[in-house]
Amino acid sequence: MDPLDHEKRPTSDSLVPATGNGADGEAGQIRVSWLWLVGVGAATAMVAWYPSFGVIVLGAVLRAVFQGLKGPGAAASAAVCAGVVIAFAIGVSPDAAVVLAPVVVTAFAVVALMWAGHATVTSISMVIALVSGASIAWDAFAAFRADTDLATVTVSYLSSIGHAVAGDGVEGTLVMAELTPWIEALWPVIYPLSAVVNAAMAAFGALLAVSRLGVRAPHIARFDAPMWAVGLLAVALLGLGAALGGMADSEVLLTGSASVLMCLRAIFVLQGYGVASVLLNRWHAGCVGHVLFLILSVWAEATFYLMGVVGLVDVWANFRGLDRGRSRVTPA
């Protein structure tokens, strides 16, 4: 039996198994009281000082409250999270609230989607895109008020980090000479990358909270890229070609197209690893085989984009034989 088989079989792009309705069925309850909302507030505040651990704790507490108190608990949790962010804006600084807000919104949205059984590639991607876009817009406005622009500020910040890591010697100068064009072209990627990390940690915490209920973590073998990713890939490639061809405002077009391509590359790489996972299990590769393949595949992807190509081809070839009759539909 497929490890993701439950009362309702998830669709092939489902990131989190759906085991019933928004409350995961009567058997999937966690006994909590309204006092747990204090824990939601504490976990939200913890994110400001201990981001990594705080997001995991926030994801776990939110999922427990959603599971036990259902819809009213979700609404109350949203109010508590918003209240903590506002309190930071008033009591600490507006900048602290600006840093805290996107992390909390990402965690809340991801956990809510998981609880409702709608955590698919498409829905999670939408959360990441919306949070990243809002963060870019706010930071761009702040940079404008400071008589500069976001690209200049971000490139300078990333370059300073690069110089600190590479050093001030000849080798460091050569390394930075190679990296600077990439930094200038791909600086927006740090926003979705940050959102992805926050989403993953919140999801991990949420899965920990319901692990005793039999809700299993999603398996890479079932990962399936939605068709919109292929269409967006084509648009990004067209934009990249136009930018390299000297189109007006080519710098902005180049940066946007290259950043979208990098984000899409992550989706197709995961698709490629899904194909590889099925094949390795079918061939009984074992732990050693999995480790060796992981090392070789990382090198192959970094050098030849191999895993991404495999993932892209699998959208049509369907090497794993997935039932894609409902694979592009969000589970109900």
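Residues numbered from 1 in each chain as written. Predicted model: local features only at pLDDT ≥ 70, side-chain atom pairs only at ≥ 80, totals over all residues. Heavy atoms only, no water.

Quick notes on the overall build of the protein
Scanning the protein for helices and strands turns up 11 helices and zero strands. Along the protein, from the amino end to the carboxyl end, the secondary structure elements read α-α-α-α-α-α-α-α-α-α-α. The burial tally for the protein puts 42% of its 332 residues in the buried class. Pairs at least 24 apart in sequence give 76% of the contacts found in the protein among residues at least 6 apart. For the protein, the computed accessible surface area is about 17,300 Å², with 72% contributed by carbon and sulfur atoms. (Helix = DSSP H or I, 4+ residues; strand = E, 2+ residues; numbered from the N terminus. Buried < 20%, exposed > 50% of the residue type's maximum accessible area, 1.4 Å probe, protein only. Contact = heavy atoms within 4.5 Å. Areas by Shrake-Rupley, 256 points an atom, 1.4 Å probe, with all protein chains shown as cover.)

A closer look at unusual backbone geometry
Despite not being glycine, Lys70 has its phi angle at roughly 60°, a positive value. Within the secondary structure, Lys70 sits in helix α2 (residues 51-91). Unusually for a residue other than glycine, Asp147 sits at a positive phi of about 60°. With respect to the secondary-structure elements, Asp147 resides in the loop between α4 (121-145) and α5 (150-166).

Concerning a nonpolar patch on the surface
A contiguous nonpolar surface patch, about 370 Å² in accessible area, is contributed by Tyr305, Val309, Val313 and Phe319. Note on placement: Val309 falls in helix α11 (residues 306-317). Using a relative accessible area of 45% as the deciding quantity, one classes Val309 as partly exposed. (Patch = residues over 30% accessible without salt bridge, like charges linked within 9 Å, V, L, I, M, F, W, Y side chains within 5 Å. Salt bridge = Lys/Arg side-chain N within 4 Å of Asp/Glu carboxyl O.)

Focus on the nonpolar core
Core analysis: the biggest nonpolar cluster contains 46 residues, and Val40, Val55, Leu58, Leu62, Phe66 and Met114 have the highest contact counts within it. Listed by contribution, the elements that provide at least two residues to this core are α1 (36-49), α2, α3 (94-116), α4 and α7 (190-209). Among the elements that make up this core, the one with the highest residue count is α2 (14 residues). Not counting residues up to four positions away in its chain, the partners in contact with Val40 are Leu58, Val61, Leu62, Val65, Ser77, Val80 and Cys81. (Core = buried A, V, L, I, M, F, W, Y, C linked by side-chain atoms within 4.5 Å.)

Observations concerning the confidence of the model for the protein
Across the protein, pLDDT averages 88, with 89% of residues at or above 70. For residues 1-13, every residue scores under 50 in pLDDT, and the model assigns this stretch 41 contacts once sequence neighbours within four places are set aside. Residue range residues 326-332 is modelled with pLDDT below 50. Its contacts to residues more than four positions away, or to other chains, number 21 contacts. (pLDDT = per-residue confidence, 0-100.)

Description of the packing of helix α10 (residues 286-304) against α11
For the pair α10 and α11, the least separation of the axes is 6 Å and the interaxial angle reads 90°. By the angle class used here, α10 and α11 are roughly perpendicular. Only Leu306, Met307 and Gly308 of α11 make contact with α10, whose side of the interface consists of Phe293, Ser297, Ala300, Glu301 and Phe304. Here the contact of α10 with α11 is built from residues that sort into five nonpolar, two polar and one charged. (Axes fitted to C-alpha atoms, helices over the stretch in contact; angles between N-to-C directions. Parallel < 35°, antiparallel > 145°, perpendicular 65-115°, else oblique. Nonpolar A, V, L, I, M, F, W, Y, C, P; charged D, E, K, R; others polar.)

Some details on the pattern of salt bridges
A full pass over the atoms with the stated rule returns three salt bridges. Across the salt bridge formed by Arg320 and Asp224, the nearest N and O atoms sit 3.9 Å from each other. Here the residue Arg320 occupies a position in the segment after α11, and Asp224 occupies one in the loop between α7 and α8 (227-244), the gap between them amounting to 96 residues. The burial state of Arg320 is the same as that of Asp224; both residues are buried. Of the charged contacts, one joins Glu301 and Arg265 as a salt bridge, the two residues approaching to 2.7 Å between their closest N and O atoms. Here Arg265 lies in helix α9 (residues 250-282) and Glu301 lies in helix α10, a separation of 36 residues in the sequence. Sharing partners across several salt bridges, the network here consists of Asp224, Asp314 and Arg320.

Comments concerning α9
With 33 residues, α9 should reach 48 Å at 1.5 Å per residue; the first-to-last C-alpha distance of 47 Å fits that figure. His284, located one to two residues past α9, shows a positive phi value of around 55°. (Expected span 1.5 Å × (residues − 1).)

Here's the deal with the environment of Phe223
As for its position among the elements, Phe223 is in the loop between α7 and α8. The class of Phe223 is buried, set by a relative accessible area of 11%. Each C-alpha atom of the pair Phe223 and Leu270 lies 7.1 Å from the other, and the pair is 47 residues apart in sequence.

A closer look at the packing of aromatic side chains
Between two aromatic rings, the relevant description is the distance of the centres plus the angle of the planes. Under the criterion given, the structure shown has six aromatic pairs. With a centroid separation of 5.5 Å and an interplanar angle of 85°, the aromatic rings of Trp299 and Phe304 are classed as edge-to-face. Judged by its relative accessible area of 52%, Trp299 falls in the exposed class. Its relative accessible area of 53% is what places Phe304 among the exposed residues. Counting every residue linked through ring pairs, the aromatic cluster contains Phe66, Phe108 and Trp115. (Phe/Tyr/Trp six-rings, centres within 6.5 Å; stacked < 30°, edge-to-face > 60°.)

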